[in-house]
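The lines below spell out each chain.
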Amino acid sequence: MTSNRWTPEQLKLAFHLYCQLPFGKMDKGNKEVIQLAELIGRTPSAIALKLVNFASLDPALAARGIKGMGNSSALDREIWEQFHADWEGLSSECEHLRNTLMIEHGLTENSYSDQKDIADFTGETRLIMREQRLKQSFFRKAVLSSYRGRCCMTGLSEPRLLIASHIVPWSRDTSNRLNPANGLTLCALHDRAFDSGLLTLSDDFRVVLSEALKRKNDPFIQSVFLPLEGNLIEMPERFTPDIRFIRRHRAEIFIDHA
């Protein structure tokens, strides 16, 4: 991969990285930018520039008045559209591409924090579990980086207490289970309440509490949940929640509607 022209494979890997990095950390000094540059034979500056080109295509950034470099190519747009049409397929393809390049460079394959959880498995089962963990890792990094590593309802920033929560559950929409626009960053408690249908969001991204939660005569609930009613969530830098997913959550999960 030494041609000056970017290949589709290189662009896929660059966009895969774009999704997972906080917007303010897409610079040539970022270690993940440097590692990708080494793998695909580009300079860190070229990778950083390409990430900014992708940012120019992001409608969430455009809505905030951030335009990026504005010189993205037709192939950049094509890769953007391919990902949005098949998040899971492209994410898996990028993991395979990256691992192939790492092996070619004499490096070990990607690892993740709970590798020990699958150490006792072998063969096909281990490969399936590994791929699932990598997909989950991609979704978590994409969602948390979009929300600046903070719960969008409470502002909590302790990563060990944060969940990349699906708006439409993983099991109900397989085609969008890795789509960052189907995610919210929530602390563990509010993630549980959201998944249980005790709270939801309005079309204008305000917190809606269930009547059951509001009627609960519990000091903790009254102090932690009731003040959230009607609050606007902290909007992400990228991948604004899709209104279609919000409406499905209200219709299918929220207990006052389901």
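See the structure shown above.
Residues numbered from 1 in each chain as written. Predicted model: local features only at pLDDT ≥ 70, side-chain atom pairs only at ≥ 80, totals over all residues. Heavy atoms only, no water.

Student: Looking at this structure, how should I read the overall build of the chain?
Tutor: Of regular secondary structure, the chain possesses 11 helices and 4 strands. Out of the 258 residues belonging to the chain, those deemed buried represent 45%. Looking at the chain alone, contacts between residues at least 24 apart form 64% of all its contacts between residues at least 6 apart. Of the roughly 12900 Å² of accessible surface on the chain, 52% is carried by carbon and sulfur atoms. (Helix = DSSP H or I, 4+ residues; strand = E, 2+ residues; numbered from the N terminus. Buried < 20%, exposed > 50% of the residue type's maximum accessible area, 1.4 Å probe, protein only. Contact = heavy atoms within 4.5 Å. Areas by Shrake-Rupley, 256 points an atom, 1.4 Å probe, with all protein chains shown as cover.)

Student: Is there a simple way to think about the pattern of salt bridges in this case?
Tutor: A side chain with one charge can pair with a side chain of the opposite charge if their charged atoms come near. This model, assessed by the stated rule, comprises 18 salt bridges. Note that Arg-247 and Asp-203 form a salt bridge whose closest N and O atoms lie 2.8 Å from each other. Residue Arg-247 is located in helix 11 (residues 243-252), and its partner Asp-203 is located in the loop between strand 3 (199-201) and strand 4 (207-209); the two are separated by 44 residues in the primary sequence. Judged by relative accessible area, which is 32%, Asp-203 ranks as partly exposed. We note a salt bridge from Glu-252 to Arg-248, for which the minimum N-O separation is 3.0 Å. Remark: Arg-248 and Glu-252 occur in helix 11; sequence separation between them is 4 residues, near one turn of the helix. Through salt bridges with shared partners, a single network forms among Arg-148, Arg-150, Glu-234 and Glu-237. (Salt bridge = Lys/Arg side-chain N within 4 Å of Asp/Glu carboxyl O.)

Everything listed here is a matter of geometry and, on its own, says nothing about what the molecule does.
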